[in-house]
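A look at the structure
Each chain, written out:
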Amino acid sequence: MGHFLSVYFFSRPSMGSRDAEGFSPDAVVGVPAPAPAPSLLFNNQPMPKVKRRIGKIPRKTLALSSFLFIGGCTLLTIASICQFRCKESLGLWVLGSILILPGGYSMYILVSYVRGVRGYHYRLLPETD
């Protein structure tokens with residue numbers, strides 16, 4: 001029995017190998033292997049184009065958007081932890097909500113611009129001089 005298992009496991013092709021037609025040896029006969037999933041992060045654009053877009057965003061806009069979003073997330077996290085231990089967590093909920101709404105909106109626009117989604121540009125945000 002031991003010899004059979006060693007021959008069976010070590011003589012099989014690996015799970016990730018495919019033949020010339022794109023079929024996996026372990027797949028069901030007649031069913032093609034699934035195509036690799038496209039990268040949704042940057043819409044399959046080359047990285048230099050993404051780096052160029054990040055470089056065009058004004059630093060103050062990026063800093064303000066990041067501060068509002070991260071500050072809002074932090075305050076909401078602290079408020080959710082403090083809700084059961086403290087009596088005065090309502091202020092943290094309100095302040096965190098006030099910070100996360102414009103921060104989330106601006107971060108969504110900036111990330112969509114960097115990803116290359118049509119219709120989004122960093123000029124949609126108010127100027128921070």
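Here, every reference points to the structure presented above.
The sections below set out a description of the structure shown in this document. All values derive from a computational prediction rather than experimental measurement. (Residues numbered from 1 in each chain as written. Predicted model: local features only at pLDDT ≥ 70, side-chain atom pairs only at ≥ 80, totals over all residues. Heavy atoms only, no water.)

Quick word on the overall build of the chain
When helices and strands are counted, the chain shows 4 helices and 0 strands. When the helices and strands of the chain are placed in sequence order, the string is α-α-α-α. Partitioning the contacts of the chain with sequence separation of at least 6, the portion at a separation of at least 24 is 52%. (Helix = DSSP H or I, 4+ residues; strand = E, 2+ residues; numbered from the N terminus. Contact = heavy atoms within 4.5 Å.)

Comments concerning helix 4 (residues 90-115)
Taking 1.5 Å of rise per residue, 26 residues should cover 38 Å, and helix 4 covers 36 Å from first to last C-alpha, within 8% of that figure. Three or more residues of helix 4 are buried, namely Gly96, Leu99, Gly103, Ser106, Ile109, Leu110, Ser112, Tyr113 and Val114. Just beyond helix 4, the residue with positive phi is Gly116, at close to 95 degrees. (Expected span 1.5 Å × (residues − 1). Buried < 20%, exposed > 50% of the residue type's maximum accessible area, 1.4 Å probe, protein only.)

Observations regarding the packing of helix 3 (residues 59-82) against helix 4
Orientation of helix 3 relative to helix 4, taken along the N-to-C sense of each, is 140 degrees, at an axis distance of 7 Å. Taken together, the axis directions place helix 3 and helix 4 in an arrangement best described as oblique. You can see that helix 3 and helix 4 cross each other, and the crossing is left-handed. Of the residues contributing to the contact of helix 3 with helix 4, the split by class is 16 nonpolar, 11 polar and no charged. (Axes fitted to C-alpha atoms, helices over the stretch in contact; angles between N-to-C directions. Parallel < 35°, antiparallel > 145°, perpendicular 65-115°, else oblique. Left-handed = near helix turned anticlockwise from the far one by under 90°. Nonpolar A, V, L, I, M, F, W, Y, C, P; charged D, E, K, R; others polar.)

Details of the nonpolar core
In terms of nonpolar packing, the biggest core is built from 8 residues, these being Val50, Ile57, Ile109, Leu110, Tyr113, Val114, Tyr122 and Leu125. Take this core: its biggest share by element is 4 residues, from helix 4. (Core = buried A, V, L, I, M, F, W, Y, C linked by side-chain atoms within 4.5 Å.)

Concerning a positive patch on the surface
Positive charge collects at one region of the surface, where Lys49, Arg52, Lys56 and Arg123 lie side by side. By the element assignment, Lys49 lies in helix 2 (residues 47-56). (Patch = residues over 30% accessible without salt bridge, like charges linked within 9 Å, V, L, I, M, F, W, Y side chains within 5 Å. Areas by Shrake-Rupley, 256 points an atom, 1.4 Å probe, with all protein chains shown as cover. Salt bridge = Lys/Arg side-chain N within 4 Å of Asp/Glu carboxyl O. Lys, Arg positive; Asp, Glu negative; His and termini not counted. Charge placed at Lys NZ, Arg CZ, Asp CG, Glu CD.)

A word on the packing of aromatic side chains
To describe a pair of aromatic rings, you give the distance between the ring centres and the angle between the ring planes. Throughout the structure, instances matching the rule amount to 2 aromatic pairs. Measuring from centroid to centroid gives 5.5 Å for Tyr113 and Tyr122, while their planes differ by 75 degrees, and the two rings are edge-to-face. Each member of the pair, Tyr113 as well as Tyr122, is classed as buried. Against the face of Tyr113 rests Arg53, its NZ or CZ located 5.9 Å from the ring centre. (Phe/Tyr/Trp six-rings, centres within 6.5 Å; stacked < 30°, edge-to-face > 60°. Lys NZ or Arg CZ within 6 Å of the ring centre and 35° of its normal.)

Geometric values such as these leave the question of function open.
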